[in-house]
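Report on the structure
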Amino acid sequence: MNTPVPRLVGRFLSPYVRRVAVTMNIYGMQFERLILSAIGDEKEREKTNPVGRVPALILNEDETLIDSAAILDHLDELAGPKSALIPKSGPRRRKTLYQLAIATGAIDRAMAANAERRRDNVDEERLERLLRQSANGFAALEMELANNDYFGEPKPGQADVTIVIGKSFLEHIFPGTLLPDKLPNIFGLSDRLELLEAFSNAGID
Ligand SMILES: N[C@@H](CCC(=O)N[C@@H](CS)C(=O)NCC(=O)O)C(=O)O
């Protein structure tokens, strides 16, 4: 019996959906898409994830994975320890998880800021704080890259994928918040990685 091609739910505007897509591209894994918006399409999203968030990865009619970290964990297992973008154990794994926590934290702050600015009575102080904390996250990551070409040295790993996607997302929704002269290493990394097919075939949509 043929194994069905997994279906990735969500738009690539979502950095969480996009990091799953880029990771599958890097691993050479096929997927189909079910393009649902994270803003409209609520009822449709709830069919694959009871709390209505994307991404979801529909593996077959019996199994659907939700939350990008859980999906990546499955993909890493399929890819095997030699190819996996997150080290299997030890200090390098802890370091990667630390960098990913900052990156996803910075993305979540930007998303909360985006929701705040859509409210009728915008709390300007909260909006400013959320954007500052998001930018702080990228500033901290910039220092981590001071002596290396990649976070996953010697080659790009999941921290590189998520940080570059997070940076592109923030530039897309809050242009001018991150500045190349403040984050030269991250902008340089982004310029290099966004050119790769794995990224450009899953561009923000
Ligand atoms: N921790 C989750 C976060 C997912 C998430 O925040 N998804 C957003 C889009 S980027 C979403 O579905 N938002 C719609 C909503 O919250 O109603 C993951 O890594 O998958």
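Refer to the preceding data block for the structure.
Residues numbered from 1 in each chain as written. Predicted model: local features only at pLDDT ≥ 70, side-chain atom pairs only at ≥ 80, totals over all residues.

**Digging into helix H7 (residues 184-194)**
Definition in use: Neighbour counting defines burial: a residue surrounded by 20 or more other C-beta atoms within 10 Å of its own C-beta is buried, one with 12 or fewer is exposed, and intermediate counts give partly exposed, using backbone-placed C-beta atoms. Only DSSP runs of H or I reaching four residues or more are called helices, and only runs of E reaching two or more are called strands; each is numbered from the N terminus. Working definition: the arc comes from the directions between the helix axis and the C-beta atoms, pointing outward to the latter. Once C-beta atoms are placed from the backbone, any two residues with those atoms within 7 Å are in contact.
When we look at burial in H7, the residues that qualify are Ile186, Leu189, Ser190 and Leu193. Considered in projection along H7, the buried side chains sweep an arc of 100 degrees and stay on one side of the axis. For H7, exposure combined with an orientation more than 90 degrees from the buried face picks out Pro184 and Asp191. For H7, the elements touching its buried residues are helix H5 (124-144), helix H6 (158-173) and helix H8 (197-200).

**Here's the deal with the pairing of strand E4 (residues 63-66)**
Counted only if it meets this: Should DSSP find at least two bridges between two strands, the strands are regarded as paired.
Relative to E4, strand E3 (residues 56-60) runs antiparallel, the two being bridged by four bridges. Bridged to Asn60 within E4 is Glu63. In sequence, E3 turns back onto E4 through a hairpin of two residues.

**Overview of the site of the ligand**
To be explicit about the condition: Only the C-beta atom, placed from the backbone, is used; a residue is near a molecule or strand if that atom lies within 6 Å of it. Ten residue types, Ala, Val, Leu, Ile, Met, Phe, Trp, Tyr, Cys and Pro, are classed as nonpolar, four, Asp, Glu, Lys and Arg, as charged, and the remainder, Gly among them, as polar.
In the neighbourhood of the ligand, the contacting residues comprise Ser14, Tyr16, Ala38, Gly52, Arg53, Val54, Pro55, Asp67, Ser68 and Ala69. The residue makeup of the shell around the ligand, split by class, is five nonpolar, three polar and two charged.

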